[in-house]
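Okay, here's what each chain looks like letter by letter:
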Amino acid sequence: MSECIFCKIVDGSIPSIKVYEDEHVFAFMDIMPLTKGHTLLIPKKHHENVYDMSSEEAGQLFSVAPKIAEALKASFNPAGLNLLNNNGAPAGQSVFHFHLHFIPRYDQTDGFKASWLTKEKQYTNEMFKEYADKIRENLNK
Ligand code: AMP
Ligand code: ZN
């Protein structure tokens, strides 16, 4: 039996508060919500992170994102909505089964804080081009 907490949620061996389910994905309320309506969307099949998912599996998951976003909007009328996915512990991942957070936003004191310290002075157009060349090279591998 899997030790993964989200696999256990999918197979029903630990409880969750379900929002949506289809053949490929499962959505449920986050047990430690940042805001009202904080929801998690996961693939039913265990994938640790985005690197571990095929395009098809990612497509199945993301195809449901607008539906969940619309339902959150209709339910709570938030001022905004953040979709967030953490990959790897240094990026903030604590449950190692891919999940997409839906975090409705109400105001600046609603509990969600992301610092966004841009460093444009450290980069040049030449550097951006070099990075893009590298990424393109690896896209074709
Ligand atoms: P992350 O830090 O991106 O890996 O997010 C993991 C999320 O899973 C956190 O927001 C937790 O509150 C949530 N979580 C952990 N265990 C459960 C659970 N049993 N039911 C619902 N949400 C959970
Ligand atoms: Zn799992």
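The structure this text deals with has already been given above.
For every chain, the first residue of the written sequence is number 1, and numbering continues from 1 onward in sequence order. Here every chain gets a letter starting at A, and every ligand a number starting at 1, in the order they are written. Under the rules for a predicted model, residues below a pLDDT of 70 receive no local features and side-chain atom pairs below 80 are neither given nor counted, while totals for whole chains, interfaces and linings still include all residues. To obtain the side-chain values, all non-hydrogen atoms of the structure were included, while hydrogens and water were left out.

Looking at the largest pocket, its volume works out to about 530 Å³. Method remark: on a 1 Å grid restricted to protein atoms, a set of points is classed as a cavity if a 1.4 Å probe fits but cannot get out and as a pocket if it is open with protein on both sides within 12 Å along at least five of seven lines; lining residues have an atom within 4 Å of a point. As for the largest pocket, its lining consists of 24 residues, and the residues nearest its centre are Phe6, Asp30, Ile31, Met32 and Leu40. Numbered from the N terminus, helices here are DSSP runs of H or I no shorter than four residues, and strands are runs of E no shorter than two. The set of elements that each furnish at least two residues to the lining of the largest pocket consists of helix H1 (5-11), strand E2 (25-29) and strand E5 (100-105). Throughout this entry, Asp, Glu, Lys and Arg are counted as charged residues, while Ala, Val, Leu, Ile, Met, Phe, Trp, Tyr, Cys and Pro are counted as nonpolar. The remaining residues, Gly among them, count as polar. Here the lining of the largest pocket is built from residues that sort into 15 nonpolar, eight polar and one charged. Grid points are joined across faces, edges and corners, and a volume is the space filled by probe spheres set on the points.

With water excluded from the atoms, a metal site may look incomplete; its donors are any N, O or S atoms within 2.8 Å, or within 3.2 Å for Na, K and Ca. Here the zinc ion (ligand 2) is held by the protein donor atoms Cys4 (SG), Cys7 (SG), His46 (ND1) and His97 (ND1), which lie 2.0 to 2.3 Å from it. Labels for metal geometry use angle windows, namely 85 to 135 degrees for all angles of a four-donor tetrahedral site, and for square planar (four donors) or octahedral (six donors) sites opposite donors over 155 degrees apart plus all others within 65 to 115; sites meeting none of these are irregular. Geometry at the zinc ion (ligand 2) is tetrahedral, judged from its four donor atoms and the angles of 105 to 118 degrees they form at the metal. For the zinc ion (ligand 2), the single-chain donor residues occur in sequence as C-x2-C-x38-H-x50-H. Within this pair, whereas His46 is found in the loop between strand E3 (39-43) and helix H2 (55-62), its partner His97 is found in the loop between strand E4 (80-84) and E5, the two being separated by 51 residues in sequence. Under the relative-accessibility criterion, His46 is labelled partly exposed at 36%. For His97, a relative accessible area of 0% corresponds to the buried category. For every residue, the accessible area (1.4 Å probe, protein chains only) is compared with the maximum for its type, and the residue is labelled buried under 20%, exposed over 50%, or partly exposed between those bounds.

Formed by Val25, Ala27, Leu41, Met53, Leu61, Val64, Ala65, Ile68, Leu72, Phe98, Leu100 and Phe102, the largest nonpolar core amounts to 12 residues. Elements with a minimum of two residues in this core: E2, helix H3 (65-76) and E5. Broken down by element, the residue count for this core peaks at three residues, all from H3. We call two residues in contact when some of their heavy atoms are within 4.5 Å. Beyond its immediate chain neighbours, meaning those up to four positions away, Phe98 contacts Leu41, Ile42, Pro43, His47, Glu48, Asn49, Val50, Met53, Leu61, Phe62, Asn85 and Asn87. Among the buried residues, those of types Ala, Val, Leu, Ile, Met, Phe, Trp, Tyr and Cys that are joined through side-chain atoms within 4.5 Å form a nonpolar core.

Here we come to the pattern of salt bridges. Salt bridges are defined by distance alone: a side-chain nitrogen of Lys or Arg within 4 Å of a carboxyl oxygen of Asp or Glu. According to the stated counting rule, one finds six salt bridges in the structure shown. For Lys18, the salt bridge goes to Glu21, with nearest N and O atoms at 2.6 Å. Judged by its relative accessible area of 48%, Lys18 falls in the partly exposed class. Two residues, Glu126 and Lys129, come together in a salt bridge whose shortest N-O distance is 3.9 Å. Taken together, the positions of Glu126 and Lys129, both in helix H4 (residues 125-139) and three residues apart, correspond to about one turn of that helix. Looking at Glu126, the relative accessible area reads 53%, which means it is exposed. Using a relative accessible area of 48% as the deciding quantity, one classes Lys129 as partly exposed. One salt-bridge network, in which partners are shared between bridges, spans Lys18, Glu21 and Lys44.

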